[in-house]
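# Secondary and tertiary structure notes
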Amino acid sequence: MKLQHLLPILLLALAAADATAQYKWRDANGRTVYSDLPPPVSAAPSVVLDAPVRQASAVATVGSGGSAEQAVAKDKAASVTRAAPLTPADRELESRKRAAEKAAADRKTAATADRDREMAEQCALARSNLEAVDSGMRLAQINSKGEREVLDDAQRAARADQARNVMKAACKS
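Here goes a summary of the coordinates provided. No experiment lies behind these values; they were computed from the predicted model shown. (Residues numbered from 1 in each chain as written. Predicted model: local features only at pLDDT ≥ 70, side-chain atom pairs only at ≥ 80, totals over all residues. Heavy atoms only, no water.)

Summing up its helical and strand segments, the protein has five helices and five strands in all. Tracing the protein from N to C terminus, the helices and strands come up as α-β-β-β-α-α-α-β-β-α. Buried positions account for 16% of the 173 residues belonging to the protein. For the protein, the share of sequence-separated contacts (at least 6 apart) that also reach a separation of at least 24 residues comes to 42%. Looking at the protein as shown, the accessible area adds up to about 13500 Å², and 58% of this sits on carbon and sulfur atoms. (Helix = DSSP H or I, 4+ residues; strand = E, 2+ residues; numbered from the N terminus. Buried < 20%, exposed > 50% of the residue type's maximum accessible area, 1.4 Å probe, protein only. Contact = heavy atoms within 4.5 Å. Areas by Shrake-Rupley, 256 points an atom, 1.4 Å probe, with all protein chains shown as cover.)

Further remarks concern the packing of helix α4 (residues 88-134) against helix α5 (residues 153-170). Remark: α4 packs on α5, axes separated minimally by 8 Å, with the N-to-C direction vectors making an angle of 155°. With respect to their mutual orientation, α4 and α5 come out roughly antiparallel. When the axes of α4 and α5 are compared, the crossing they make is left-handed. Along the contact surface, α4 presents M119, Q122, C123, A126, R127, N129, L130, A132, V133 and D134, while α5 presents R156, R159, A160, A163, R164, V166, M167, A169 and A170. Of the residues contributing to the contact of α4 with α5, the split by class is twelve nonpolar, two polar and five charged. (Axes fitted to C-alpha atoms, helices over the stretch in contact; angles between N-to-C directions. Parallel < 35°, antiparallel > 145°, perpendicular 65-115°, else oblique. Left-handed = near helix turned anticlockwise from the far one by under 90°. Nonpolar A, V, L, I, M, F, W, Y, C, P; charged D, E, K, R; others polar.)

Another aspect to go through is the nonpolar core. Core analysis: the biggest nonpolar cluster contains eleven residues, these being C123, A126, L130, V133, L139, L151, A160, A163, M167, A170 and C171. When residues of this core are traced back to their parent elements, those giving at least two are α4 and α5. Non-local contacts of C171, meaning those with residues more than four positions away in its chain, are made with C123, R127 and V166. (Core = buried A, V, L, I, M, F, W, Y, C linked by side-chain atoms within 4.5 Å.)

This part covers the pairing of strand β1 (residues 23-26). By the alternation rule, side chains of β1 split into Y23 and W25, which are all buried, and K24 and R26, of which none is buried. When β1 meets strand β2 (residues 32-35), the two strands line up antiparallel, connected through four bridges. From the neighbouring strand, Y23 faces β2, where its bridge partner is S35. The turn joining β1 and β2, which pair antiparallel and follow one another in sequence, is formed by five residues; a positive phi near 90° is taken by G30. Pairing analysis gives two bridges linking β1 to strand β3 (residues 48-50), with the strands arranged antiparallel. Pairing of W25 across the sheet is with V48, part of β3. (Pairing = 2+ DSSP bridges.)

Spelled out as structure tokens, the structure:
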């Protein structure tokens, strides 16, 4: 009867022993050491053969006697060598992050294309205006009263300079 009560307790104790973190490293003499405590801070990361994926920094600093910065550095080194598989939630976050980055890149590309198209239109209009001014034909404009005025030489030169300035800013070649 007592054995029936002892068996579940024994099974729980064995399961708890498997759940503890296990470290494996080579000491200064070359012997392999197994422990539930992390290796000493003086041990190089290259001698650590196995470490739990998720380490508690507070436990590592208390167990090893090292500083918190050294424990964090060791945690980072262990996570680089042995990365944990991503959970479905982590995969979803990564997917959303990639989608947001792609959307931002697409918006930037579209904005650049719109700006380039607008600059090309301005360039074509400025070239057309310069050709008209340089053609020698009489040019006219409508004044504020709705009357037609013919441009004199000073106004033609001003229009030509304005078209050249727009071309310098808008035309790439």
